[in-house]
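The residues making up each chain are set out below.
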Amino acid sequence: MSLATWKKMAPAQAAPERFVSPLIRELPPSGIRKFFDLVANTRGVISLGVGEPDFVTPWHIREACFYSLEQGYTMYTSNFGLPELRQEVGRYLEAGFGVRYDPLAEIIITVGASEAIDLALRAVLEPGDEVLIPAPCYVSYQPCALLAGGRPVTVPTRAENDFKLRPAELEARITPRSKVLLLSYPNNPTGAIMTREDLLPIARLAERYDLLVISDEIYAELTYDGRHTSFASLPGMQERTVLINGFSKAFAMTGWRVGYAAAPAPIINHMLKIHQYTMLCAPIMSQKAAIEALRHGREEVAQMVREYDRRRRFVVQRLREIGLDCFEPKGAFYVFPSIAATGMGAEEFSQALLEEEKVAVVPGTAFGEGGEQRLRCSYAASINDLAEAMNRIERFVKRHGS
Amino acid sequence: MRQEILEILENDCRVTPEQIAVMLGEDAAVVKETIGQLENEKVVLKYQAVINHEKIDNGLVTALIDVKVAPQREVGFDQVAARIYRYPEVRSVFLVSGAYDLAVMVQGHSLQEVAAFVSEKLAALEHVQSTMTHFLLKTYKQDGVIFADQEEDRRQVVTP
């Protein structure tokens, strides 16, 4: 085709898009992004759409960052991350979840848990490998699996099972190409958790079908019913698990972009190669702050968890009073009520609620299969805002009630 | 549960017992009873608001006064403290360690009024050896509340 013909065919402004790869062109933008623009253009909104703590990072952690800058810590760190931080992470994982890793060989500090997930997927996937992803799930898993050349396979989780992953549902979707199981409990958006008893049969399946398990445990601290069980702590599972965690949720440090992965050295070493070529290292000031968080941040974490727990009970109770069916989430800071009673779809409901009552929630559809008639409401908001938002939702549901 | 109820009330005493019960996953009757006990035992003394007086410009003047006291046989500082805290002008009285003995906070409608109270009443009390008055110029933080307008929610309105 001559240049002249091409120019006639493609509108000038879209032309540069010809450079973009078809894979990326077809990648849908995050469903959250779409809703974001809508909310950002409305004034006076109470937002329950925020997937991050409403607390600011505890002061002493921020201060540790100032001091590190003052002392001139402005350089690269080891690709693995600061050794002191890896030591602290190792101690934390052992004390908190009973899993032992060699801090200097089996832990890598990443730019948020997000990077760790990407590294793990890219390190292990070959084109066409299948990644089993329980859904509804965090918005990034499927795109990340696709970008790494894998094929995401959704495993449904259901409200009647408290959105826990059931072994039968998982096994039904395992094929000879299944390579990775991507777990994320406590779960965003459902707030579901998996207890040790829930996880054991999943572990047996991982063993039987030789699956690598990428376990995103970023919400581990935000567990309101007993203590979180790390998948890596189950018998025999550590050697087939990439354990992922970070500082964003527990320590209210989302903007710092610091997380980590722990896995057997033969896996970590290959993840490290991708990290060293693409990222070099996580920002040193964030790593310094993370050290302070692990050394002296326990009291604030406990305080924030107590606060989330109170809001959680409050919101669940209110949603039920309003008549929205809501299973009790035991982790993270989300509730995932059903709006089936209103007869509306998730997007329709969310948009109308925003326009009429100025409350932002995220339609469940943003989290894939299973979210069609559900909303993700974050209770990372002050109790006063939550109370007002619930009153508005109540008004809205009454008005639209069938 | 007592500790948790106190924590909630200390932060916002308008939260109702029913709301506290929901937040803690407890029975409302039990929470009500516990709060009643806390009040009877004088653990909870009063429910009050933290007010930024600078915003309403009511001319109130507050002074922190270091008071040195000669302790008395048998009663130590308590009797003098009691003489001081009964004045309605006195907002708070603490026994402190260090160079002086009582830290007294006094509120009045003008510098003159507070100064007169100190020289004519406080300093004149028996066993009070000396006073040093510091007038408060600005409140940055009180009872855990930062007074400056700041720390609004800076988060994006919707995030994953």
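As the structure is a computational prediction, the values presented were derived from the model and not from experiment.

Q: It is not clear to me how the overall build of chain B should be interpreted in this structure. Could you clarify?
A: Within chain B one finds 5 helices and 6 strands. Counted from the first residue to the last, chain B has its helices and strands arranged as α-α-α-β-α-β-β-α-β-β-β. Against the 2.2 N^0.38 benchmark of 15 Å for 160 residues, chain B shows a C-alpha radius of gyration of 21 Å, more extended than a compact globule. The long-range share in chain B, meaning contacts at least 24 apart out of those at least 6 apart in sequence, stands at 56%.

Q: Teacher, can you tell me more about the overall build of chain A here?
A: Regarding its fold elements, chain A presents 14 helices and 12 strands. A compact globule built from 402 residues should have a C-alpha radius of gyration of about 21 Å, and chain A, at 22 Å, falls within 12% of that. Each principal axis of the C-alpha distribution contributes one length, and for chain A these read about 70 × 60 × 50 Å. Burial statistics for chain A: of 402 residues in total, 51% are counted as buried. Long-range pairs, those at least 24 residues apart, make up 74% of the contacts in chain A between residues at least 6 apart in sequence.

Q: Any chance you could explain the domain arrangement of chain A here in plain terms?
A: When the parts of a complex come together, some accessible area is lost, and that lost area is often taken as the interface size. Residue and element names in this part refer to chain A. Partitioning chain A into domains gives domain 1 (3-56 + 300-400) and domain 2 (61-297). Measuring from the centre of the C-alpha atoms in domain 1 to the corresponding centre in domain 2 gives 24 Å. Each side of the interface is counted separately: domain 1 has 34 residues, and domain 2 has 34 residues. For the side of domain 1 that touches domain 2, the secondary-structure elements that each account for two or more residues are helix 3 (31-40), helix 12 (298-322) and strand 9 (334-335). Top contributing element to the side of domain 1 that touches domain 2 by residue count: helix 12, with 7 residues. Taken together, the residues of the side of domain 1 that touches domain 2 break down into 18 nonpolar, 9 polar and 7 charged.

Q: Would you take a moment to explain the sheet that holds strand 4 (residues 151-156) of chain A for this structure?
A: One key point about sheets: their strands pair by backbone hydrogen bonds, in either a parallel or an antiparallel sense. All names here are of chain A. One open sheet accounts for 7 strands, arranged 2-8-7-6-5-3-4; its pairing is mixed. Two strands bound the open sheet, and with one partner strand each, they are strand 2 (107-110) and strand 4. Neighbour-to-neighbour, the strand axes of the sheet open up by a mean angle of 20°, direction not taken into account. Relative to strand 8 (residues 259-262), strand 7 (residues 241-246) is paired through 4 bridges, and the arrangement is antiparallel. Looking across to strand 8, one finds that I244 is bridged to A261.

Q: How should I be thinking about the environment of F135 of chain B in this particular structure?
A: Residue and element names in this part refer to chain B. As for its position among the elements, F135 is in strand 4 (residues 128-135). On the basis of neighbour count, F135 is assigned to the partly exposed category, with 13 C-beta atoms found within 10 Å. Spatially, the C-alpha atom of F135 lies 13 Å from that of A116, the residues being 19 residues apart in sequence. Among residues more than four places away in sequence, those in contact with F135 are V61, A63 and L111.

Q: Quick question: what am I supposed to make of the domain arrangement of chain B here?
A: When its domains are assigned, chain B resolves into domain 1 (2-40) and domain 2 (55-138). Each of domain 1 of chain B and domain 2 of chain B has a C-alpha centre, and the two are 35 Å apart.

Q: Honestly, the confidence of the model for chain B in this entry has me stumped. Any pointers?
A: Detailed reading of the predicted coordinates is not advisable wherever pLDDT falls low. Averaged over every residue, the pLDDT of chain B is 94; the share at 70 or more is 99%. Predicted as a complex, the structure gets a pTM of 0.91 and an ipTM equal to 0.83.

Q: I tried to follow the pairing of strand 3 (residues 130-135) of chain A on my own but got confused; where do I start?
A: Looking along a regular strand, one sees side chains alternate from face to face of the sheet. All names here are of chain A. Counting buried residues in strand 3 gives 6 out of 6 residues, a clear majority hidden from the surface. With burial as the criterion, each face of strand 3 is covered, one bearing E130, L132 and P134 and the other bearing V131, I133 and A135. In the sheet, strand 3 pairs with strand 4 via 6 bridges, with the strands oriented parallel. Paired with E130 across the strands is R151, a residue of strand 4.

Q: Please clarify how the sheet that holds strand 3 (residues 102-108) of chain B should be interpreted in this entry.
A: Residues and elements named next belong to chain B. Pairing within the open sheet is antiparallel, and its 4 strands lie in the order 2-3-1-4. Each end of this open sheet is capped by a strand with a single partner; those strands are strand 2 (90-95) and strand 4. Pairwise comparison of adjacent strand axes, ignoring direction, gives a mean angle of 20° for this sheet. With 5 bridges connecting them, strand 2 and strand 3 associate as antiparallel partners. Along strand 3, the bridge assignment pairs F94 with A103. Contacts from helix 4 (residues 78-85) reach strand 1 (61-69), strand 2, strand 3 and strand 4, with the element oriented near 165° to strand 2. Across the sheet, helix 5 (residues 111-122) is in contact with strand 1, strand 3 and strand 4; its angle to strand 1 comes to roughly 20°.

Q: What's the story with the nonpolar core in this structure? I'm lost.
A: The tendency in soluble globular proteins is for nonpolar side chains to be buried side by side. Judged by nonpolar contacts, the single largest core of 132 residues is most densely connected at A120, L121, I133, V180, I214 and A261 of chain A. Counting residues per element, this core draws most heavily on helix 6 (residues 112-124) of chain A, at 7 residues. Formed by 14 residues, the second largest nonpolar core is a distinct cluster that contains I84, V93, V106 and V114 of chain B.

Q: How should I be thinking about helix 9 (residues 196-208) of chain A in this particular structure?
A: The α-helix advances 3.6 residues per turn, and as a result positions three or four apart in sequence lie on the same side. Residues and elements named next belong to chain A. Here helix 9 spans 18 Å end to end across 13 residues, near enough to the 18 Å set by a 1.5 Å rise per residue. Within helix 9, burial applies to L199, I202, A203 and A206. Burial along helix 9 is one-sided: seen end-on, the buried residues are contained in an arc of 110°. Every exposed residue of helix 9 that faces more than 90 degrees away from the buried side is listed here: E197 and R208. For helix 9, the secondary structure elements touched by its buried residues are helix 8 (167-171), strand 5 (178-183) and strand 6 (212-216). Residue D210 follows helix 9 closely and has a positive phi angle near 50°.

Calculation rules
Residues numbered from 1 in each chain as written. Chains lettered and ligands numbered in written order. Predicted model: local features only at pLDDT ≥ 70, side-chain atom pairs only at ≥ 80, totals over all residues. Helix = DSSP H or I, 4+ residues; strand = E, 2+ residues; numbered from the N terminus. Rg over C-alpha atoms; globule rule 2.2 N^0.38 Å. Contact = placed C-beta atoms within 7 Å. Buried ≥ 20, exposed ≤ 12 C-beta atoms within 10 Å, placed from the backbone. Domains from an automatic or database assignment. Nonpolar A, V, L, I, M, F, W, Y, C, P; charged D, E, K, R; others polar. Pairing = 2+ DSSP bridges. Axes fitted to C-alpha atoms, helices over the stretch in contact; angles between N-to-C directions. pLDDT = per-residue confidence, 0-100. Core = buried A, V, L, I, M, F, W, Y, C linked by C-beta atoms within 7 Å. Expected span 1.5 Å × (residues − 1). Arc of directions from axis to C-beta.

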